[in-house]
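Notes for the structure review
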Amino acid sequence: MKIKYYLLAGLFCCTLHSCVVLSPKKYKNLLAERDSLSTRSTSLEAQVSALQADTMHLHRQLADLQNSYNTLNANYNKLNDNYSNTSSKVSELSSDLQKREARLKEVEDALKKRDAASAALRDKLQKALLGFQNSGLTVDIRDGKVYVSLADKLLFPSGSIIIDQHGKDALVQLAAVLNKEPDINIAVEGHTDIKKVNNLGQIKDNWDLSVLRATSVTRFLTEAQGVDPHRLTATGKSQYQPVDEGTTPDALAKNRRIEIVLTPKLDEIYNLIKQ
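If you're wondering where the values come from, they're calculated on a predicted model, not measured in any experiment. (Residues numbered from 1 in each chain as written. Predicted model: local features only at pLDDT ≥ 70, side-chain atom pairs only at ≥ 80, totals over all residues. Heavy atoms only, no water.)

Considering all chains together, one arrives at 11 salt bridges under this definition. Where Asp-140 meets Arg-142, a salt bridge forms, and the shortest distance between an N and an O atom there is 3.6 Å. According to the relative accessible area criterion, Arg-142 is buried, its value standing at 14%. A salt bridge links Asp-193 to Arg-256; the nearest nitrogen and oxygen atoms lie 2.7 Å apart. Taken together, the residues span a long stretch of sequence, with Asp-193 in the loop between strand S3 (184-191) and helix H6 (206-224) and Arg-256 in the loop between helix H7 (249-255) and strand S5 (257-264) at a distance of 63 residues. A residue is classified by how much of its surface remains accessible, and Asp-193, at 7% relative accessible area, is buried. (Salt bridge = Lys/Arg side-chain N within 4 Å of Asp/Glu carboxyl O. Buried < 20%, exposed > 50% of the residue type's maximum accessible area, 1.4 Å probe, protein only. Helix = DSSP H or I, 4+ residues; strand = E, 2+ residues; numbered from the N terminus.)

A few words on the sheet that holds S3. Pairing between sheet strands relies on hydrogen bonds along the backbone, with the strands arranged either parallel or antiparallel. The sheet built from 5 strands is open, its strands ordered S1-S2-S5-S3-S4 with mixed pairing. Both outer strands of the open sheet, strand S1 (137-142) and strand S4 (232-236), are each paired with one neighbouring strand and no more. Averaged over all adjacent pairs, the angle separating strand axes in this sheet is 20°, with direction ignored. Sheet analysis places S3 next to S4, joined by 5 bridges and oriented parallel. Bridge pairing in S4 links Ala-187 to Thr-233. Lying on the sheet, helix H5 (residues 165-178) is in contact with strand S2 (145-151), S3 and S5; it crosses S5 at an angle near 5°. Strands in contact with H6 are S3, S4 and S5; relative to S4, the strand with the most contacts, it is inclined by about 160°. (Pairing = 2+ DSSP bridges. Axes fitted to C-alpha atoms, helices over the stretch in contact; angles between N-to-C directions. Contact = heavy atoms within 4.5 Å.)

What follows covers the environment of Ala-32. Position of Ala-32 among the secondary structure elements: in helix H1 (residues 24-34). The partly exposed category is assigned to Ala-32, whose relative accessible area is 48%. With 211 residues separating them along the chain, Ala-32 and Val-243 place their C-alpha atoms 9.6 Å apart.

Another aspect to go through is H6. Look at H6: 26 Å from first C-alpha to last across 19 residues, which is about the 27 Å you get at 1.5 Å a residue. For H6, every residue scored as buried is listed here: Asn-206, Leu-209, Ser-210, Arg-213, Ala-214, Ser-216, Val-217, Thr-218, Phe-220, Leu-221 and Thr-222. Structurally, H6 contributes buried residues whose contacts are with helix H4 (152-155), H5, S3, S4 and S5. Two to three positions downstream of the cap, the backbone nitrogen of Trp-207 sits 3.1 Å from a side-chain oxygen, assigning the N-cap of H6 to Asp-205. (Expected span 1.5 Å × (residues − 1). Polar contact = N/O pair within 3.5 Å; in protein donor to acceptor, adjacent residues only side chain to side chain.)

Written out as structure tokens, the structure reads:
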């Protein structure tokens, strides 16, 4: 009996229809950053992998039982009782395997739906923010999440946590899209370069600067643009997640940024795994 097995494919795949050409060094850093993504997505991938491993194990068990069944069938008159028991086990395992394969297919379909939603959101944001992409704004997809990266020069005067008018204009366009996508969770991350902060009053160091800039953006999105605050999280990463390890002015400028990470809600996938 041939048992069909559908391989889980395309987990957290991303298709980049429009992206900035990356240097090998920057690409390597982005890959490293990917490893620190949300623990929720990591837990999901681990559980899906476990389901795959269980299914492969059941395939091997079923093949072994099928071989035993063929032997018992040739010696039916002597081993009739054993044959009956084995046949029953084969039937149970086959039923269990079919259920697991159906579950994996559901999870795979849910992940594809998530990736399609992320791609559609990226396209909407690229269209809405097209006028700012020459001012240090990029939109791309990493591991099923949409990243809107805004250079600090687009949002803030040097060393400041107050958003300037050009930055507000970009955030207004971003908020217009987010308010039409209520099923997207939003994380606002502040990042700095390696230069130490000096003489900035209440801002003591790069941790302060990254956090306060993230909260400034969060407040503007919620208080000025009406984005639901329950959807947002503001965090500061200081200098510890650079996109460029260099020390040139250009490398430092790339690292001074706000990243707005947009994640489709994964409730449907988690519910499938819990079943």
